[in-house]
Amino acid sequence: MTNRQEISNPSDEPCVFCRIVKGEIPSMKVYEDEYAIAFLDINPVNPGHTLIVPKNHYEQLNDMPIEMAEHMMKVAWKIVLAIKKEIDPLGFNIISNNGKEAGQLIPHFHMHVIPRFHEDKTRFAFIWGTKKIEEEQMKKIQEGIKEKLKETV
Ligand code: 5GP
Ligand code: ZN
């Protein structure tokens, strides 16, 4: 696992989540380990809406080592079990917006764990549209991704 000190915020802008990690901004923390923290979202979709954040500043999933990505999902698993016991929602959305085009407002990787209830009106925390893609293009994309996966660790 990469040492927490190795990677710093590449921009000069103070990163809100780096500041939360350092304790410079208060947060309603529910979990902490060597590599990650989890705290309640300041603007929750539902009660229990939690954010999981690596202590290192990685902007997107592809910026972090695979071990850190695995760790993020392990923490999500723990948070889901705890929220299930405490709040007992019917379901969860586990969402990570990567890139501002995808709705990422804070450019420090994070995963949303959002408890969902029967009375929730929207199917997702946000609505997305769908596109019709021709079969030929779908096959080209499928083959392209399969090839690139062979080159990935
Ligand atoms: P994004 O759109 O980047 O996936 O979501 C960022 C989330 O961070 C939003 O849901 C927003 O409410 C939350 N957030 C932004 N600033 C703060 C903060 O200072 N404290 C906490 N607890 N959450 C924050
Ligand atoms: Zn940061």
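The structure we're discussing is the one just above.
If you're wondering where the values come from, they're calculated on a predicted model, not measured in any experiment. Going along each chain's sequence as written, the residues are numbered from 1 onward. Just so you know, chain letters begin at A and ligand numbers begin at 1, following the order they were written in. The predicted nature of this model means local features are confined to residues of pLDDT at least 70 and side-chain atom pairs, given and counted, to a pLDDT of 80 or more, with totals for whole chains, interfaces and linings taken over all residues. As a rule here, side-chain values come from all non-hydrogen atoms in the structure, and water together with hydrogens is ignored.

### A closer look at the nonpolar core
Stage number 1. Only buried residues count toward a nonpolar core. Its members are Ala, Val, Leu, Ile, Met, Phe, Trp, Tyr and Cys residues joined through side-chain atoms within 4.5 Å. Any residue under 20% of the maximum accessible area for its type is buried, any over 50% is exposed, and the rest in between are partly exposed; the area is computed with a 1.4 Å probe on protein chains only. Judged by nonpolar contacts, the single largest core of 16 residues is most densely connected at Ile-52, Met-64, Met-72, Val-75, Ile-79, Met-111 and Val-113.
Stage number 2. Strands are runs of DSSP state E lasting at least 2 residues, helices are runs of H or I lasting at least 4, and numbering of each runs from the N terminus. Counting residues per element, the ones that place at least two in this core are β2 (36–40), α2 (66–86) and β5 (111–116).
Stage number 3. Excluding its chain neighbours within four sequence positions, the residues that come into contact with Ile-79 are Val-30, Tyr-31, Ala-38, Thr-50, Ile-52 and Val-113.
Stage number 4. Core analysis: the second largest hydrophobic core is formed by nine residues, Phe-17, Val-21, Leu-51 and Val-53 among them. In what follows, residue pairs with any heavy atoms lying within 4.5 Å of each other are defined as contacts.

### A look at the sheet that holds strand β1 (residues 29–32)
Stage number 1. Pairing between strands is defined by DSSP: at least two bridges between them are needed. Taken in spatial order, the five strands make up an open sheet running β1-β2-β3-β5-β4, and their pairing is antiparallel. The two strands at the open ends of the sheet, each matched to only one other strand, are β1 and β4 (91–95). Strand after strand, the sheet turns through a mean of 15° between neighbouring axes, direction not considered.
Stage number 2. Of the strand pairs in this sheet, β1 and β2 are connected by three bridges, and their pairing is antiparallel. Across the sheet, Tyr-31 pairs through a bridge with Ala-38, a residue of β2.
Stage number 3. Lines fitted to C-alpha atoms define the axes here, with helix axes fitted over just the stretch in contact, and angles between the N-to-C directions of these axes take values from 0 to 180 degrees. α2 rests against β1, β2, β3 (50–54), β4 and β5 of the sheet, and its axis sits at about 155° to β3.

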